[in-house]
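Geometric and topological summary
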Amino acid sequence: MPLPPFTSPTAFPTFATLPTPQDPDPTSPDGGGDEPWYLLAEIKDDMTITKPTLVCLDRAGSPFALVFDGLERDGLDLKALGLRKGACVVVPRARRTPPKDASKRGFVSVARGTAAEVRAVPAPLRTVVEVAEGLRAQGPQPGCAGCGSAEGALARCTGCGGVRYCSKACQVKGWSEGGHKGDCKVIKAIRGIWGDE
Ligand SMILES: [Zn+2]
Ligand SMILES: [Zn+2]
């Protein structure tokens, strides 16, 4: 699956623009398609009291609660899943539960059966979007991430598989000077969710 466009408000809606459980799929208003959409948000806090609950900020900077329904407070090891403060959460096909009281904001509920589809990317929202758009720009068969060469046999980074190098020297340079040290685990997580082929 190619990476979805991370700057698209259809593929990555904000909390306020999420469909409610009664709305049709936003990516196929006629109900005919099956394009997924994703809620991508930065985790601000773990507010678990009776069920696993995260307070998140969406890409518009709006806060909302993400509640894992049908689970006990210890029913999900949020930290082991990488769902920790400062990281991002990805909720496929998220829907917004409207508030009963109009003065409240509503929240996003994840049903027990779909909790396993919720994924984490270990970086703040801005970094995730930057790295993902960088991957999209380079395409599935990038040249050497160090020198740009597309000649000869390029070896993929064994950490993320998302960048390629022509030589050990370029790999070493890319890791430290090129900033891949910080991006490698982010690319790995993004590729683990969406792939890039
Ligand atoms: Zn190179
Ligand atoms: Zn890597």
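Residues numbered from 1 in each chain as written. Chains lettered and ligands numbered in written order. Predicted model: local features only at pLDDT ≥ 70, side-chain atom pairs only at ≥ 80, totals over all residues. Heavy atoms only, no water.

**Considering the overall build of the protein chain**
This is how the line gets drawn: In this text, helices come from DSSP runs of H or I with a minimum length of four residues, and strands from runs of E with a minimum of two, each type numbered from the N-terminal end. Buried, partly exposed and exposed residues are distinguished by accessible area as a fraction of the type maximum, computed with a 1.4 Å probe on protein chains only: under 20%, between the cut-offs, and over 50%, respectively. Working rule for contacts: check all heavy atoms of both residues, and any pair within 4.5 Å makes them a contact. The method behind every accessible area is Shrake-Rupley, applied with a 1.4 Å probe, and residues are considered shielded solely by the protein chains displayed. In summary, the charge assignment counts Lys and Arg as positive and Asp and Glu as negative, without counting His or the chain termini. Working definition for charges: the position is that of NZ of Lys, CZ of Arg, CG of Asp or CD of Glu.
Each helix and strand in the protein chain was counted, giving three helices and nine strands. Each principal axis of the C-alpha distribution contributes one length, and for the protein chain these read about 60 × 40 × 30 Å. A total of 197 residues make up the protein chain; the buried ones form 40% of that total. When contacts within the protein chain are restricted to residue pairs at least 6 apart in sequence, those whose partners lie at least 24 apart make up 62%. Just so you have it, the protein chain exposes about 10,400 Å², and 54% of that area is on carbon and sulfur atoms. Seen as two clouds, the 25 positive and the 22 negative side-chain charges of the protein chain have centres 5 Å apart.

**Concerning helix 1 (residues 125-138)**
Note the threshold: One less than the number of residues in a helix, times 1.5 Å, gives the span that helix is expected to have.
If you check helix 1, its first and last C-alpha atoms are 20 Å apart, about what 14 residues at 1.5 Å a residue would give, namely 20 Å. Three or more residues of helix 1 are buried, namely L125, V128, V129, V131, A132 and L135. On the buried face of helix 1, the contacting elements are strand 1 (38-46), strand 2 (53-57), strand 4 (88-92), strand 7 (119-121) and helix 3 (180-194). One or two steps after helix 1, the chain reaches G139, where phi turns positive at roughly 80°.

**Topic: the pattern of salt bridges**
Operational definition: One speaks of a salt bridge when a side-chain nitrogen belonging to Lys or Arg is within 4 Å of a carboxyl oxygen belonging to Asp or Glu.
Applying the stated rule across the entire model yields eight salt bridges. Residue R73 is joined to D74 by a salt bridge in which the shortest nitrogen-to-oxygen separation is 3.9 Å. Among the residues examined, R73 registers a relative accessible area of 46% and is labelled partly exposed. One salt-bridge network, held together by shared partners, links D25, R93 and R95.

**Observations concerning the packing of aromatic side chains**
What counts, and what does not: Working definition: a ring pair exists when centres of Phe, Tyr or Trp rings (six-membered ring for Trp) sit within 6.5 Å. Plane angles under 30 degrees give stacked, over 60 give edge-to-face, the rest tilted.
What the rule picks out here adds up to six aromatic pairs. Considering the side-chain rings of Y38 and W194, the 5.1 Å spacing of their centres and the 80° angle between planes classify their relative orientation as edge-to-face. Placement of the pair is Y38 in strand 1 and W194 in helix 3, with a sequence separation of 156 residues. Grouping residues by exposure puts Y38 and W194 together as buried. Of the aromatic side chains, those joined through ring pairs into one cluster are F6, F12, Y38 and W194.

**Topic: the coordination of the zinc ion (ligand 2)**
Which entries qualify depends on this criterion: Each metal site is built from N, O and S donor atoms within 2.8 Å (3.2 Å for Na, K and Ca), and since water is not included, such sites may look incomplete. In short, tetrahedral needs four donors with all angles between 85 and 135 degrees, square planar needs four and octahedral six donors with opposite donors over 155 degrees apart and all other angles between 65 and 115, and whatever is left is irregular.
Bound to the zinc ion (ligand 2) on the protein side are C157 (SG), C160 (SG), H180 (NE2) and C184 (SG), at distances that span 2.0 to 2.4 Å. Taken together, the four donor atoms coordinating the zinc ion (ligand 2) span angles of 103 to 117° at the metal, a pattern that classifies the geometry as tetrahedral.

**Let's talk about the coordination of the zinc ion (ligand 1)**
Distances from the zinc ion (ligand 1) to its protein donors, C144 (SG), C147 (SG), C166 (SG) and C170 (SG), fall within 2.2 to 2.4 Å. Read N to C, the donor residues that coordinate the zinc ion (ligand 1) are spaced as C-x2-C-x18-C-x3-C. Here C147, found in the loop between helix 1 and strand 8 (155-156), pairs with C166, found in the loop between strand 9 (164-165) and helix 2 (168-176); they are 19 residues apart in sequence, far enough to count as distant. Take C147: its relative accessible area is 49%, and that puts it in the partly exposed class. C166 gets classed as partly exposed once you look at its relative accessible area, which sits at 33%.

**Here we look at the environment of F6**
The residue F6 is located in the segment before strand 1 in this model. By relative accessible area, F6 is classed as buried at 0%.

**Quick word on the UniProt feature "domain: MYND-type" (unreviewed entry) in the protein chain**
The criterion, for reference: UniProt positions are given in the numbering used here, feature names are shortened, and annotations may be inferred rather than shown by experiment.
Following the UniProt record, the feature "domain: MYND-type" (unreviewed entry) maps to residues 144-184 here. End C-alpha to end C-alpha, residues 144-184 measures 15 Å, and it is 34% helix and 10% strand.

**Topic: the environment of P36**
One can find P36 in the segment before strand 1. Along the sequence, P36 and A116 sit 80 residues apart, while their C-alpha atoms lie 16 Å from each other. When residues no more than four places from it in sequence are discounted, the contact partners of P36 are T27 and R93.

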